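# Notes for the structure review
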Amino acid sequence: LVHGTYIICENEDGMYIIDQHAAAERINYEKYFTEMKKVKHDTTALLVPIKIELPTDEAIRLKHNIGVLLDMGFEIEEFGINSIIVKAHPTWLLKNYEQEQTRKIIEVILQKEKDFSIVKFNEKIATMLSCKMAIKANMNITIEEMESLINDLRKCDNPFNCPHGRPTIIFYSNYD
Ligand code: ZN
Ligand code: ZN
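An account of the accompanying structure is given in this report. Since the model is a prediction, treat every value here as computed from it, not as a measurement.

### Remarks on the nonpolar core
Within the largest apolar cluster, 30 residues are counted, with the highest numbers of intra-cluster contacts made by Leu62, Leu69, Trp92 and Ile105. Every element with two or more residues in this core is listed here: α1 (20–37), β3 (43–53), α2 (56–64), α3 (66–72), β5 (83–90), α4 (98–111) and α5 (118–133). Per element, the largest residue contribution to this core is 5 residues, and it comes from α4. Residue contacts for Leu62: discarding those within four places in its chain leaves Leu54, Leu69, Ile84, Ile106, Ile109 and Leu110. Counting residues in hydrophobic clusters, the runner-up holds 13 residues, among them Ile18, Ala24, Leu149 and Ile150.

### Some words on the sheet that holds β5
Pairing in this open sheet of 3 strands is antiparallel, and the strands run β3-β5-β4 from one edge to the other. Looking along the sheet, the strands with just one partner apiece sit at the ends: β3 and β4 (75–79). On average, each strand axis in the sheet is inclined to that of its neighbour by 15°, with strand direction left out of account. Pairing of β3 with β5, which is carried by 7 bridges, proceeds in the antiparallel orientation. Bridge pairing in β5 places Ala45 opposite Ala88.

### Some words on the environment of Cys156
Tracing the backbone shows Cys156 in the loop between α6 (143–154) and β6 (169–173). Cys156 sits in the buried class, given a relative accessible area of 10%. Expressed as a C-alpha distance, the spacing of Cys156 and Ile27, which sit 129 residues apart in the sequence, is 6.5 Å. When residues no more than four places from it in sequence are discounted, the contact partners of Cys156 are Arg26, Ile27 and Glu30.

### Comments concerning the coordination of the zinc ion (ligand 1)
With distances of 1.9 to 2.3 Å, the protein atoms coordinating the zinc ion (ligand 1) are His21 (NE2), Glu25 (OE) and Cys131 (SG). Donor residues for the zinc ion (ligand 1), ordered by position in the chain, follow H-x3-E-x105-C. Separating the zinc ion (ligand 1) from the zinc ion (ligand 2) is a distance of 4.1 Å, and Glu25 supplies a donor atom to each of them. In this pair, His21 is assigned in helix α1 and Cys131 in helix α5, connecting sequence segments 110 residues apart.

### Examining the sheet that holds strand β1 (residues 6–11)
Pairing is antiparallel across the open sheet formed by 3 strands, whose spatial order is β1-β2-β6. Every interior strand has two partners, whereas the edge strands, β1 and β6, have only one. Taking each pair of neighbouring strands and ignoring which way they run, the sheet shows an average axis angle of 20°. By the bridge criterion, 5 bridges tie strand β2 (residues 14–19) to β6 in an arrangement that is antiparallel. The partner of Ile18 across the bridge, within β6, is Ile169. Docked against the sheet, α1 engages β1 and β2, running at close to 75° with respect to β2. The sheet contacts of α6 involve β1, β2 and β6, and relative to β1 the element is tilted by about 70°.

Rules and cut-offs
Residues numbered from 1 in each chain as written. Chains lettered and ligands numbered in written order. Predicted model: local features only at pLDDT ≥ 70, side-chain atom pairs only at ≥ 80, totals over all residues. Heavy atoms only, no water. Core = buried A, V, L, I, M, F, W, Y, C linked by side-chain atoms within 4.5 Å. Buried < 20%, exposed > 50% of the residue type's maximum accessible area, 1.4 Å probe, protein only. Helix = DSSP H or I, 4+ residues; strand = E, 2+ residues; numbered from the N terminus. Contact = heavy atoms within 4.5 Å. Pairing = 2+ DSSP bridges. Axes fitted to C-alpha atoms, helices over the stretch in contact; angles between N-to-C directions. Donors = N, O, S within 2.8 Å, 3.2 Å for Na, K, Ca; no water.

Pasting the structure below:
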């Protein structure tokens, strides 16, 4: 591991430099995106419901687009003019970050209101959450963690780029 950021590994063909944050993002992204594409979502009920307050204009716009949240597996009740109560959320939402992630999703819904496309929306949410969830650069991980990262990356549909387009792997052949 170099600078707590790049994993160096080898096989008979040559040498690989793997960006651990970009690799973890790619793995998370494919996991989130697969979950989000499902028609029927697994939901988790919250022990303590989350209350989200918004400026009145945003609350009104959100209420017009509440179907997006319901389709994702959120269970929501209106609360007063400018608040909603979240009683359950899709299971893929990260534990302890439910409030923060729900707010981010609402932000994207309010931005995308005009030309809403569910695929684009899912891509954006999955990219955002995958970055948040990924091991950071400058973080020393164990050999076991490196190995499982590389194994998970190998299983990805597109292992070569992070969802932002940055390369995850640089390869040097024996010849290079
Ligand atoms: Zn990132
Ligand atoms: Zn990225």
